[in-house]
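Next come the chains, spelled out residue by residue.
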Amino acid sequence: LGDKLGERLGRFINTECTTGAVKTKGVVTSAATGVSAASATAIAFDDILGLEHSVDLSYRNLPGAGFMCHDTTALALRKLKDGQGQYLWSDGTQAGQPDRLDGKPLYINNDMASSISSTAISVLFGAFPKYHIRMVNEIRLAMTDQRYWEYDQTAFAAYVYFDGNVVDAGTSPIKKLTH
């Protein structure tokens, strides 16, 4: 039961901290616009370079700085080649290390836009440690058997209070690629 509740809460917190706009300001919502892609339905390597260089150099080189996208977007990025037909993607060479794009880590987050389409925010780049999640108190677990008495069942609910936002000194440490 603990594993199931933990997984469900983790997925909920990830969704809110990725695209939330009401109670939690997700990283996609709070990221500044970096560049607009040349195409509404594709990503070129020039778009990736533009996004990377739209972030201040001091943030680009911080530990934890990298790219974030949906798995289907990662597939499109894996297919990018240079002028000599060489792939620009490099697999993580050490166990537990993320794959790399232009030498920077690429983090997969399936709560981001799953398609490369008009108005989609398909890729983020920046210093992700600058996005802070604030947990308020502990996760609280409640149980009741009164509501489901007639079915001989017991209900469990977990409560968590949190919020998140980019800590920004006015220089936008995380930026987005829009279409």
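In case you missed it, the structure is sitting above this.
Report on the accompanying structure.

Reading the values: rules and limits
Residues numbered from 1 in each chain as written. Predicted model: local features only at pLDDT ≥ 70, side-chain atom pairs only at ≥ 80, totals over all residues. Heavy atoms only, no water. Helix = DSSP H or I, 4+ residues; strand = E, 2+ residues; numbered from the N terminus. Buried < 20%, exposed > 50% of the residue type's maximum accessible area, 1.4 Å probe, protein only. Contact = heavy atoms within 4.5 Å. Phe/Tyr/Trp six-rings, centres within 6.5 Å; stacked < 30°, edge-to-face > 60°. Salt bridge = Lys/Arg side-chain N within 4 Å of Asp/Glu carboxyl O.

## Some words on the environment of Pro173
Logical step 1: With respect to the helices and strands, Pro173 occurs in the loop between strand S8 (155-166) and strand S9 (174-178).
Logical step 2: You can call Pro173 buried: its relative accessible area is 1%.
Logical step 3: Residues Pro173 and Ser58 lie 115 residues apart in sequence; the distance between their C-alpha atoms is 8.8 Å.
Logical step 4: Among all residues touching Pro173, those that are not within four sequence positions of it are Val55, Tyr59, Phe125, Gly126, Ala127, Lys130, Val166, Val167 and Asp168.

## Digging into the packing of aromatic side chains
Logical step 1: Applying the stated rule across the entire model yields 3 aromatic pairs.
Logical step 2: Residues Phe12 and Phe162 carry aromatic rings whose centres are separated by 5.9 Å and whose planes lie at 85° to one another, so their mutual orientation is edge-to-face. Of the two residues, Phe12 sits in helix H1 (residues 2-19) while Phe162 sits in strand S8, which places them 150 residues apart along the sequence.
Logical step 3: Taking relative accessible area as the criterion, Phe12 reaches 38% and is therefore assigned partly exposed.
Logical step 4: Given the relative accessible area of 13%, Phe162 is considered buried.

## A short note on the pattern of salt bridges
Between side chains of opposite charge, pairing is possible as soon as their charged atoms come close.
Logical step 1: All told, the structure shown has 2 salt bridges when counted by the stated rule.
Logical step 2: Its salt-bridge partner being Arg11, residue Glu7 comes within 3.3 Å of it at the nearest N-O pair. Of the two residues, Glu7 and Arg11 are both situated in helix H1; the distance of 4 residues between them amounts to about one turn of the helix.
Logical step 3: By relative accessible area, which is 44% here, Glu7 ends up partly exposed.
Logical step 4: For Arg134, the salt bridge goes to Asp163, with nearest N and O atoms at 3.1 Å. A residue pair is termed long-range when its members are at least 10 positions apart, and Arg134 in strand S7 (residues 131-144) and Asp163 in strand S8 qualify at 29 residues.
Logical step 5: By relative accessible area, Arg134 is classed as partly exposed at 49%.

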